[in-house]
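Here is what each chain is made of, one letter per residue.
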Amino acid sequence: MSSLVTTVDKVGRATVQGVSEAGLAAMLLLQALGWTLWGWRRGQPVRLSAVFAQAMEVGIRALPIVTILSITIGAMLAIQGIYSLSAFGAESQVTLGVALSVTREFAPLITGILVAGRSGSALAARLGTMKINQEIDALVVMGINPVRFLVAPALLGTLVMLPALTIWADFIALLGAGLYVSAELGMTLSAYTDELISLLKVNDVLHGLGKSALFAVLIVLVGVVNGASVTGGAEGVGRMTTRSVVHAISAIVITDMVFAFVLTRG
Amino acid sequence: MTETEPPVILVEDLVTHFGDRIILKGISLAVQPGEILVIMGGSGSGKSTLLNHLLGLLKPTSGRVQILGQDINAISGQQMTELRQKMGVAFQGGALFSSMSVLDNIMLPLIEHTRLDRLTMEIMARMKMEVVNLAGFDALMPAELSGGMIKRAALARAIVMDPRILFCDEPSAGLDPVVAAQIDDLILLLRDALQMSVVVVTHELESAFKIADRICVLDQGEVLAIGTVAEIRQSPNVRIQNLLNRRIEEAELDPEEYLRRLTGQSSTKEGP
């Protein structure tokens, strides 16, 4: 009986915490957008230099690893595609399979997960450390809104760079697949490209980019909420950083499924 | 210190809780223009909480905090932002931004609140660095500074906007006696040179007696006494004398409560 009470108690507390974190995230999103749109009217704009610094960190510095993973994923899809299609003797259809899975799924998903691991965790750790060092308090007492100064630049930088990285990942993954397909099926790379262009619709690419924009918002909000919830020194920073990566990746995968479900049935 | 001018800080019957625990039990005090008020008390006396209320970082359960004539819990965000430009704060650990150089740290309030060109801001920031004896350390990062330098850089950042009120949280904590004395002298210098009112929170007796015009002694969330250094020294209050003479306070022993505490069944939530 008492274990049942404890379980119910735990579930209840976790639910309340979840709801309050979702509320905090929603408020932060609105405030960040508000400062972006109207901050300059109050003489407190979101600094473009801070947005560029974030974009550089989130986007440009992630290029090498995104490139390596994309080319690998592209080749992997081609290998698996040819293997599974050979059961029907339909290997030549591999281009369609690769084109759709890369643009609609793999490019946005792999880029989102990478950026969540690289930048979402860094954001949580940075904000958490700033909180325990009273740097956030210092901003507040200086009359500098922390949402404008810290959250809005991260949100805008990620919102621009994640879709940009996804486009790059699209190209590289399709190139990786093309290299394998041309070697395996004796098809020239230009013939493969022509086939890609005729098969891919703008809609497929937009489907992926729409998701990546959504992932960008999720990564930043999860990072900020976890960073802002840090208590208990260095150990707390570590715990919340881990939590931020786990939550961001879970949120990305679940959102991905829901997004695909809604848009492919509509 | 002119008594006729209205106080720069006025706290009336401030009550505050953390959850069910009462932290401040009806604090009232005033800070006059140009004076140095030291808020003193042991650990858990509520002095840091009081400071956070004066800075508008916490909202009280009841009571009012007026700064420069404005109730900080009743004014709009924009008014508060303007008010904050007249307040400077030096935090205990310095709270310097670790990603920025010392000069950028000190310049940040100017960058965010003024439209001066960069060279002018650099000159203003360097002038404050001269005042706190940090000239020439522009390009260093906070991680490269010693404890005393961090405190001085934090003071320079706090005064860069020429505030009316300066708040210092434990300015000499964690420093060796010589450096601590330098920081005390610096606070006196800042008050005399820049005509600021200063609120210092500390538990260091020596430092408090040296710099204070008046001392407010806080204990278990209550103001035990407010007065000049001489008045506080001569106070007949036992708790103040215990604090001054570093005597350990004898806790009143309640055997039943003691047993409950040991067995983990204590229901008392009230405490410092």
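Residues numbered from 1 in each chain as written. Chains lettered and ligands numbered in written order. Predicted model: local features only at pLDDT ≥ 70, side-chain atom pairs only at ≥ 80, totals over all residues.

### Section: the overall build of chain A
So, point 1. In terms of regular secondary structure, chain A is built from 9 helices and 0 strands.
So, point 2. Each helix and strand of chain A, placed in order from N terminus to C terminus, yields the pattern α-α-α-α-α-α-α-α-α.
So, point 3. Taken along its principal axes, the extent of the C-alpha atoms in chain A is 65 × 60 × 35 Å.
So, point 4. With 266 residues in all, chain A has 44% of them scored as buried. (Helix = DSSP H or I, 4+ residues; strand = E, 2+ residues; numbered from the N terminus. Buried ≥ 20, exposed ≤ 12 C-beta atoms within 10 Å, placed from the backbone.)

### Some remarks on the domain arrangement of chain B
Residue and element names in this part refer to chain B.
So, point 1. When its domains are assigned, chain B resolves into domain 1 (1–86 + 165–272) and domain 2 (97–162).
So, point 2. Using C-alpha coordinates to define each centre, domain 1 is positioned 27 Å away from domain 2.
So, point 3. The partner domain 2 presents 10 residues to the 10 residues of domain 1 that form the contact.
So, point 4. Sorting elements by how many residues they give to the side of domain 1 that touches domain 2 places helix H6 (residues 177–194) first, with 5 residues.
So, point 5. Its residues placed into classes, the side of domain 1 that touches domain 2 shows 8 nonpolar, 2 polar and no charged. (Domains from an automatic or database assignment. Contact = placed C-beta atoms within 7 Å. Nonpolar A, V, L, I, M, F, W, Y, C, P; charged D, E, K, R; others polar.)

### Notes on the sheet that holds strand S2 (residues 21–31) of chain B
So, point 1. Strand order across the open sheet formed by 4 strands is S2-S1-S4-S5 (chain B), with antiparallel pairing between neighbours. In this open sheet, the two edge strands, each paired with only one partner strand, are S2 and strand S5 (70–71) of chain B. (Pairing = 2+ DSSP bridges.)

### Digging into the packing of helix H4 (residues 94–132) of chain A against helix H7 (residues 189–199) of chain A
Residue and element names in this part refer to chain A.
So, point 1. With their axes 10 Å apart at the nearest point, H4 and H7 run at an angle of 60 degrees to one another. With respect to each other, H4 and H7 are oriented oblique. Remark: the crossing between H4 and H7 carries right-handed chirality. Contacts between H4 and H7 involve Thr95, Leu96 and Ala99 from the first element and Tyr192, Glu195, Leu196 and Leu199 from the second. (Axes fitted to C-alpha atoms, helices over the stretch in contact; angles between N-to-C directions. Parallel < 35°, antiparallel > 145°, perpendicular 65-115°, else oblique. Left-handed = near helix turned anticlockwise from the far one by under 90°.)

### What to know about the interface of chain A and chain B
A common measure of how large an interface is: the accessible area buried when the components associate.
So, point 1. Counting residues at the interface gives 11 residues for chain A and 16 residues for chain B.
So, point 2. Of the residues that constitute the side of chain A that touches chain B, the class distribution is 5 nonpolar, 3 polar and 3 charged.

### Things to note about the sheet that holds strand S6 (residues 87–90) of chain B
All names here are of chain B.
So, point 1. Pairing is mixed across the open sheet formed by 6 strands, whose spatial order is S6-S7-S8-S3-S9-S10. Across the chains shown, the open sheet's two edge strands, defined by having one partner strand only, are S6 and strand S10 (222–228). Adjacent strand axes in the sheet meet at a mean angle of 15 degrees, parallel and antiparallel pairs treated alike.
So, point 2. Relative to S10, strand S9 (residues 214–219) is paired through 6 bridges, and the arrangement is antiparallel. Following the sheet pairing, Leu218 is matched in S10 by Val223.
So, point 3. Seen against the sheet, helix H1 (residues 47–54) touches strand S3 (36–40), strand S7 (165–169), strand S8 (197–202) and S9 and runs at an angle of roughly 150 degrees to S8.

### Some details on the confidence of the model for chain B
So, point 1. Averaged over chain B, the pLDDT score is 88; the fraction of residues at 70 or greater is 94%.
So, point 2. Reported confidence for the predicted complex is 0.86 by ipTM and 0.87 by pTM. (pLDDT = per-residue confidence, 0-100.)

### So, the nonpolar core
So, point 1. Counting residues in hydrophobic clusters, the biggest one holds 149 residues, and the most contacted among them are A:Ala177, B:Val38, B:Phe167 and B:Val199.
So, point 2. By residue number, the principal contributor to this core is helix H6 (residues 146–185) of chain A, which donates 19 residues.
So, point 3. In this structure, this core is formed jointly by two domains, domain 1 (1–86 + 165–272) and domain 2 (97–162) of chain B, each of which donates at least three residues.
So, point 4. With near-sequence residues (within four places) excluded, A:Ala177 lies in contact with A:Gly74, A:Ala75, A:Leu77, A:Ala78, A:Val98 and A:Val102. (Core = buried A, V, L, I, M, F, W, Y, C linked by C-beta atoms within 7 Å.)

### Overview of the pairing of strand S1 (residues 9–18) of chain B
Residues and elements named next belong to chain B.
So, point 1. Two elements, S1 and S2, share 8 bridges in a ladder whose sense is antiparallel. Paired with Phe18 across the strands is Arg21, a residue of S2.
So, point 2. Between S1 and S2, which follow one another and run antiparallel, lie 2 residues, and Gly19 among them has a positive phi close to 65 degrees.
So, point 3. Alignment of S1 against strand S4 (residues 62–67), held across 5 bridges, turns out to be antiparallel. The partner of Leu10 across the bridge, within S4, is Gln66.

### Description of the environment of A:Thr158
Residues and elements named next belong to chain A.
So, point 1. With respect to the helices, strands and loops of the structure, Thr158 is situated in helix H6.
So, point 2. The exposure class assigned to Thr158 is buried, which follows from the 30 C-beta atoms found within 10 Å.
So, point 3. Measuring from C-alpha to C-alpha, the distance between Thr158 and Arg41 comes to 24 Å, with 117 residues separating the pair along the chain.
So, point 4. The residues touching Thr158, leaving out its near neighbours within four places in the chain, are Gln54, Val58, Ser119, Ala216, Ile219 and Val220.

### Observations regarding unusual backbone geometry
Residues and elements named next belong to chain B.
So, point 1. Located in the positive-phi region is Asp13, a residue other than glycine, with phi close to 50 degrees.
So, point 2. Within the secondary structure, Asp13 is located in strand S1.
So, point 3. For Asp13, a count of 13 C-beta atoms within 10 Å puts it in the partly exposed group.
So, point 4. In this structure, Asp162 is a non-glycine residue whose phi angle is positive, near 50 degrees.
So, point 5. For Asp162, the location among the structural elements is in the loop between helix H5 (147–159) and S7.
So, point 6. Under the C-beta neighbour-count criterion, Asp162 is labelled partly exposed, with 13 such atoms within 10 Å.

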